[in-house]
Amino acid sequence: MKNGKGIASVGSSSRANGVNSVGSVATRISANEPLSVAAALAGQRVLITGTTGFIAKAVLEKLVRDVPGIASIVVLLRGSRAQPDAAQRFQAEVLRASVFDRLRRDDPQRLHDACRRMRVVSADLAKPDLGLSPDAFAALARYIDVIVNVAASVDFREPLDQALAINTLSLRALTKLARAAGGIPLVQVSTCYVHGHHRGMIREALAPPARSAVARNPNGHCDVDGLVAELQSKAADVKQRITDPDARSQALIALGIREAQRRGWNDTYTFTKWLGEQVACAGMAGGTLTIVRPSIVESAWREPQPGWIEGMKVGDAIVLAYARGKTTLFPARPAGIADIVPVDLVANSIVLATAQALARPGQRRIVQASSSTRNPVRVGDYIDLCQSEMRDNAAAYPRLIRRPLARPFRTIPRWLFIGYLSVAYAAANAANAVARWLGADANLALFDRLQTTRELAIVFSFYTSPRYVFDNRELLAMAAEFSDADRQRFEVDPRCFDWPSYVARVHLPGLERFALRNTRAEEAAVPATTTASLARSPSA
Ligand SMILES: NC(=O)c1ccc[n+]([C@@H]2O[C@H](COP(=O)([O-])OP(=O)(O)OC[C@H]3O[C@@H](n4cnc5c(N)ncnc54)[C@H](OP(=O)(O)O)[C@@H]3O)[C@@H](O)[C@H]2O)c1
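Source: prediction; values computed, not measured.

J.: Tell me about the pairing of strand E5 (residues 186-189), and please be specific about residues and values.
T.: Side chains of E5 alternate between two faces, with Leu186 and Gln188 and Val187 and Val189 buried alike. The pairing of strand E4 (residues 146-149) with E5 spans three bridges and is parallel. Within E5, the position partnered with Val148 by the bridge is Val187. In this view, the connection linking E4 to its parallel neighbour E5 by way of helix H7 (residues 160-180) has right-handed handedness.

J.: Describe the pairing of strand E3 (residues 118-122), naming the residues involved and giving the relevant values.
T.: Judged by how many residues are buried, E3 sits mostly within the fold: five of five residues are covered. Burial of E3 is two-sided: the residues Met118, Val120 and Ser122 facing one way and the residues Arg119 and Val121 facing the other way are all buried. Two elements, strand E2 (residues 72-77) and E3, share five bridges in a ladder whose sense is parallel. Along E3, the bridge assignment pairs Leu76 with Val121.

J.: Could you give an account of the packing of H7 against helix H10 (residues 268-283), naming the residues involved and the relevant values?
T.: Close contact between H7 and H10 brings their axes to 8 Å; oriented N to C, the two are set at 15 degrees. Taken together, H7 and H10 sit at an angle that is classed as roughly parallel. Both H7 and H10 take part in a crossing whose hand is right-handed. In contact with Leu160, Ala163, Leu164, Asn167, Thr168, Leu171, Arg172, Thr175 and Lys176 of H7, H10 contributes Thr268, Tyr269, Thr272, Lys273, Leu275, Gly276, Val279, Ala280 and Gly283. Of the residues belonging to the contact of H7 with H10, the class tally is eight nonpolar, seven polar and three charged.

J.: So what's going on with the sheet that holds E4? Residues and values would help.
T.: Hydrogen bonds between backbone groups are what pair the strands of a sheet, and the pairing can be parallel or antiparallel. An order of E3-E2-E1-E4-E5-E7-E12 is seen for the seven strands of this open sheet, with the pairing classed as parallel. Strands with a single pairing partner mark the edges of an open sheet, and in this sheet they are E3 and strand E12 (364-369). Each strand of the sheet is rotated relative to its neighbour by a mean of 15 degrees, with strand direction disregarded.

J.: Pulling in residues and values, what's your account of the site of the ligand?
T.: Near the ligand you find 27 residues, and of these Gly53, Ile55, Ala151, Ala152 and Val297 are the closest. Those elements that place two or more of their residues in the shell around the ligand are helix H2 (54-66) and strand E8 (296-298). Among the elements that take part in the shell around the ligand, H2 stands out by supplying three residues, more than any other. A per-class count over the shell around the ligand returns 16 nonpolar, seven polar and four charged.

J.: Would you mind going over the environment of Tyr468 in detail, with residue names and values included?
T.: Here Tyr468 shows up in strand E15 (residues 468-470). Sequence-wise, Tyr468 and Gly336 are 132 residues apart; in three dimensions their C-alpha atoms are separated by 7.9 Å.

J.: Tell me about the packing of H7 against helix H8 (residues 225-241), residues and numbers included.
T.: In the contact formed by H7 and H8, the axes pass within 9 Å of each other and the chain directions differ by 145 degrees. Counted together, Leu160, Asp161, Leu164 and Thr168 of H7 and Val228, Leu231, Gln232 and Ala235 of H8 form the full contact between these two elements. Residue classes in the contact of H7 with H8 are distributed as five nonpolar, two polar and one charged.

J.: An account of the nonpolar core is requested, with residue identities and associated values reported.
T.: In this structure, Ile55, Val59 and Ile147 are the most contacted members of the largest nonpolar core, which totals 151 residues. Looking at which element gives the most residues to this core, the answer is helix H12 (residues 343-359), with twelve residues. Setting aside residues no more than four positions away along its own chain, Ile55 makes contact with Val150, Val189, Val297, Val343, Val346 and Ala347.

J.: Before we move on, could you go through unusual backbone geometry and cite the residues and values that matter?
T.: Here the residue pair Glu303 and Pro304 is connected by a cis peptide bond, since its omega of -5 degrees sits within 30 degrees of zero. In this fold, Pro304 is placed in the loop between E8 and helix H11 (317-323). For Asp129, which is not glycine, the phi torsion reads 50 degrees and is therefore positive. Tracing the sequence through the fold places Asp129 in the loop between E3 and helix H6 (134-143).

J.: Requested: an account of H7, with residues and values cited.
T.: For H7, with 21 residues, the first-to-last C-alpha span of 29 Å sits near the 30 Å given by 1.5 Å per residue. Largest kink in H7: about 40 degrees, centred on Leu169. The buried fraction of H7 is high, at 16 of 21 residues. Note on H7: the residue one or two positions beyond its end, Gly182, has a positive phi of about 95 degrees.

J.: Got a sec to walk through the environment of Leu516? Specific residues and values, please.
T.: Here Leu516 lies in the loop between helix H18 (499-515) and helix H19 (519-524). For Leu516, a count of 16 C-beta atoms within 10 Å corresponds to the partly exposed category. When the C-alpha positions of Leu516 and Ile309 are compared, they lie 9.6 Å apart, and in sequence the two are 207 residues distant. Among residues more than four places away in sequence, those in contact with Leu516 are Arg399, Leu400 and Leu511.

Definitions and cut-offs
- Residues numbered from 1 in each chain as written.
- Predicted model: local features only at pLDDT ≥ 70, side-chain atom pairs only at ≥ 80, totals over all residues.
- Buried ≥ 20, exposed ≤ 12 C-beta atoms within 10 Å, placed from the backbone.
- Helix = DSSP H or I, 4+ residues; strand = E, 2+ residues; numbered from the N terminus.
- Pairing = 2+ DSSP bridges.
- Right-handed = clockwise from strand over helix to strand, strands pointing away.
- Axes fitted to C-alpha atoms, helices over the stretch in contact; angles between N-to-C directions.
- Parallel < 35°, antiparallel > 145°, perpendicular 65-115°, else oblique.
- Left-handed = near helix turned anticlockwise from the far one by under 90°.
- Contact = placed C-beta atoms within 7 Å.
- Nonpolar A, V, L, I, M, F, W, Y, C, P; charged D, E, K, R; others polar.
- Near = placed C-beta within 6 Å.
- Core = buried A, V, L, I, M, F, W, Y, C linked by C-beta atoms within 7 Å.
- Expected span 1.5 Å × (residues − 1).
- Bend = angle between axes of the 7 residues up to and from the residue.

None of the figures reported here should be taken as evidence of function without further support.
Encoded structure:
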């Protein structure tokens, strides 16, 4: 751990002799000794981003519950409209969230103690230098020992400028922070889907774009500075030309999807996350970087509670399609292998990656927290499991199933679904042209709806029509470096669960209980006593 006494030292230069390097990590362990999470993280100050979101909450809870020797957890977040003060927002949205229900019930003292050692840094990852003053940036760098970056925009269709800022350019600031901190490790949470339109077995390695050429650096990553500058300039051009905020936002969304698809990605999210990986590799060259790529993350298998989840996720479109009966045709490839992974396995992967990076620094590693090679389930079988549980036990899901279930939807191939919508779109377009020719009003609302539905279908159905599986041997090899006890406590192997139990006994009940709960009313009832001691950063 670096020198320093609590968060006050973040602004007050408490580091002795400027010693602040990876070499100061006392817990580095020889190659053949099994690693220990507790030993690697003992006395360390861990900066984590994204804790108002789904996955980082699970990581935070696991660190608090199972790694009490951490010196300090520094949470970096921004204020929101409802909670402009970041520390108050953290109390209201994170510490009172359902993810801490178990600790509040079983070990409130542990949560209380951890809160006393937590620090809040109010910062915006989408701004240069995280929006911090030079002094605050330097003070933060002096304080921390490792960075775990979970934050992102996970919107497939984010306006391009915003997606670039949060998913790509933030890595410039974070790698600068890691260097300013003396070369501390960065754990970057990415996504398996950075592979874009590559097919087959997707390895835990960097990959070039599927549809265009970008020069590769001798270190293996692509040099993307020119490409990022080109994208920024296109976005700036749109912003200059279009002044109406809605039209401008739509144009930036369309630009992002267009640029992503012509280069070999499905959507703006995965494209900008891929760019982020390249920026991270460039900024951390010669340092310690671990990229953790989850696939589609859903409710917890066991921890903090079976089924714990926040909101409905990407994979739950299948559940909603049936439960709400809003669709009769669903674009999917039943023979494709779905890749869904419970959030606790992802959180454990991130914790192990952090411990390994601290204990065995100096390497670049990529691991995939996925299920499709170790514990595959076909898309069609997953749909059947969801539908049969909802049909057989409908009464157990009053929030999910609001009226008697409709007939099951039918899956149709992606190309056919998009083809239908394209025909409907062309017909609406032609009808509008005829209407205008006859001097009548065109039905622009229908036209817009069809266009949006078609665009959404193209983007979304990529995930339900997989032609790829994600290797996770590097993840399992990483876990094998840890002691048996840690491998059990921080389970990452998707063979630990079976799909029928997961769907019927864990995931669907979890959606009912956590995703569709009356969040505001229930969370307002949580006492604030455990959070009262949360320290806050005066300097950042
Ligand atoms: N969920 C999945 O299925 C999945 C799958 C694969 C990979 N991943 C990766 O896992 C990570 C976490 O995903 P998630 O599902 O937990 O996402 P999430 O619930 O949407 O959370 C995103 C987090 O990022 C923060 N953030 C966004 N913009 C920010 C900014 N400018 N400054 C500071 N913080 C900012 C958000 O804060 P605000 O509340 O302030 O917006 C929020 O805390 C991402 O890197 C994602 O790419 C997720």
